[in-house]
Amino acid sequence: MDLQLTNKRALITGSTKGIGKAIATTMAQEGANVIINGRSQAAVDSVVAELHTKFPKVEITGAAYDLSDDQALAELYQQIPTVDVLINNMGIFKPMDYFDITDEDWQRFIDINVMVGNKLARHYMPTMLKQNFGRIIFIASEEAIMPSGEMPQYSLTKTMNLSLAKSLSKLTKATNVTVNTVMPGSTLTEGVQQMLDDMYAGQGLTQTQKETDFMKNHRPLSQIQRLIRPEEIGDFVAYVASPIAGAFSGEALRMDGGMVPTIF
Ligand code: NAD
């Protein structure tokens, strides 16, 4: 299938590792000119070099900015005034006890997981509407519709992503601009690998044994009983971001290995 992404300009926030890097990789493979973002210049440079070697025909641009800083956002807009595709992937998560979460913690999660994507959409969406093409995708989580209680300050922000994407989709009526949310389930990113390594430290388990035990005891509702690979999410998001996926609008799309047990 040709995703028709050739020469589309795509900003993927938080794309130096994990799900964001996987999205950027598939999009570059499909011919999109991708903009790699992360906080560290070295990490951004390294992914830009890696993708440039793999896909020499597409343009790979680095944009090292801490997006939680308004000054950095202003610099990003100077460097990258317009995009065809905005993937609001960057987000933070941390299991926390409800009674230990301070007001500052709640605000930080909302600022980073909701407001950054909101500000980016507010900046990039008007040009998309003017050119009559654009894709905005928020990366939420199954926690958006099935809060586990392990990290209330995170789950709240992911539910907010769904509402925001739906509201933004209302602004796109009768255009070729779409706004959607993708909700991955537990995915084997570097952060999740570290969590597994910490959880099973000193037990002498293989990677497969760690993953099997984790799924059985901590993610019992998963139907596939394995962690999703970042590339699986990357391929799906690249499709939703493509011109051929124009009939998704304001949708909350699940890719959670069957973890959410309801039909809708
Ligand atoms: P990750 O922690 O592996 O990667 C996060 C990326 O964001 C990195 O590139 C990091 O440099 C960047 N980043 C963090 N703060 C930043 C900031 N202020 N400015 C710019 N860049 C910043 O994350 P991941 O596991 O790949 O998750 C990506 C998204 O997917 C998140 O929104 C997360 O909530 C969501 N998600 C992850 C999982 C999972 O199991 N891994 C499941 C569901 C949803």
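Keep in mind the model is a prediction, meaning the values are calculated, not measured.

**Some details on the packing of aromatic side chains**
Turning to step 1, where the next piece is worked out: The full count for this structure, using the stated rule, is five aromatic pairs.
Turning to step 2, where the next piece is worked out: An angle of 85 degrees between the planes, with centres 5.7 Å apart, marks the rings of tyrosine 77 and tyrosine 124 as edge-to-face. Remark: tyrosine 124 occurs in helix α4 (residues 103-131) and tyrosine 77 occurs in helix α3 (residues 70-79); sequence separation between them is 47 residues.
Turning to step 3, where the next piece is worked out: Accessibility expressed as a relative area gives 0% for tyrosine 124, which makes it buried.

**Quick look at empty space enclosed by the protein**
Turning to step 1, where the next piece is worked out: By the definition in use, this model includes two cavities of 30 Å³ or more.
Turning to step 2, where the next piece is worked out: Put simply, the largest cavity is a space of about 70 Å³.
Turning to step 3, where the next piece is worked out: Considering the residues around the largest cavity, the lining is formed by Thr13, Asn88, Asn89, Met90, Ile112, Asn113, Val116, Gly117, Ile139, Lys158 and Asn161.
Turning to step 4, where the next piece is worked out: Among the secondary structure elements, those contributing two or more residues to the lining of the largest cavity are α4 and α5 (152-169).
Turning to step 5, where the next piece is worked out: For the lining of the largest cavity, the element with the most residues is α4, which contributes four residues.
Turning to step 6, where the next piece is worked out: Considered class by class, the residues forming the lining of the largest cavity number four nonpolar, six polar and one charged.

**Looking at the domain arrangement of the protein chain**
Turning to step 1, where the next piece is worked out: Domain assignment breaks the protein chain into domain 1 (9-187 + 229-255) and domain 2 (189-227).
Turning to step 2, where the next piece is worked out: Computed over C-alpha atoms, the centres of domain 1 and domain 2 are 26 Å apart.
Turning to step 3, where the next piece is worked out: Facing ten residues of domain 1, the contacting portion of domain 2 comprises eight residues.
Turning to step 4, where the next piece is worked out: When the buried surface of domain 1 facing domain 2 is broken down by residue, Ser186, Thr187 and Arg229 rank first, second and third, together holding 50% of it.
Turning to step 5, where the next piece is worked out: One can count three salt bridges joining domain 1 with domain 2.
Turning to step 6, where the next piece is worked out: The shortest N-O distance in the salt bridge between glutamate 150 and arginine 219 comes to 3.8 Å.
Turning to step 7, where the next piece is worked out: Between the two partners, domain 1 and domain 2, sit six residue pairs in polar contact (both at pLDDT 80 or more).
Turning to step 8, where the next piece is worked out: Only α1 (18-29) and α8 (230-240) provide two or more residues apiece to the side of domain 1 that touches domain 2.

**Describing unusual backbone geometry**
Turning to step 1, where the next piece is worked out: Positive phi, close to 70 degrees, is recorded for asparagine 7, a residue that is not glycine.
Turning to step 2, where the next piece is worked out: Its place among the elements puts asparagine 7 in the segment before β1 (9-12).
Turning to step 3, where the next piece is worked out: Here alanine 174, not a glycine, exhibits a phi torsion of approximately 60 degrees, which is positive.
Turning to step 4, where the next piece is worked out: Mapped onto the fold, alanine 174 is located in the loop between α5 and β6 (177-184).

Quick notes on the rules
Residues numbered from 1 in each chain as written. Predicted model: local features only at pLDDT ≥ 70, side-chain atom pairs only at ≥ 80, totals over all residues. Heavy atoms only, no water. Phe/Tyr/Trp six-rings, centres within 6.5 Å; stacked < 30°, edge-to-face > 60°. Helix = DSSP H or I, 4+ residues; strand = E, 2+ residues; numbered from the N terminus. Buried < 20%, exposed > 50% of the residue type's maximum accessible area, 1.4 Å probe, protein only. 1 Å grid on protein atoms, 1.4 Å probe; cavity = no way out; pocket = protein on both sides within 12 Å on 5 of 7 lines; lining within 4 Å. Points joined across faces, edges and corners; volume = space filled by probe spheres on them. Nonpolar A, V, L, I, M, F, W, Y, C, P; charged D, E, K, R; others polar. Domains from an automatic or database assignment. Contact = heavy atoms within 4.5 Å. Buried area = accessible area lost by both parts, 1.4 Å probe. Salt bridge = Lys/Arg side-chain N within 4 Å of Asp/Glu carboxyl O. Polar contact = N/O pair within 3.5 Å; in protein donor to acceptor, adjacent residues only side chain to side chain.

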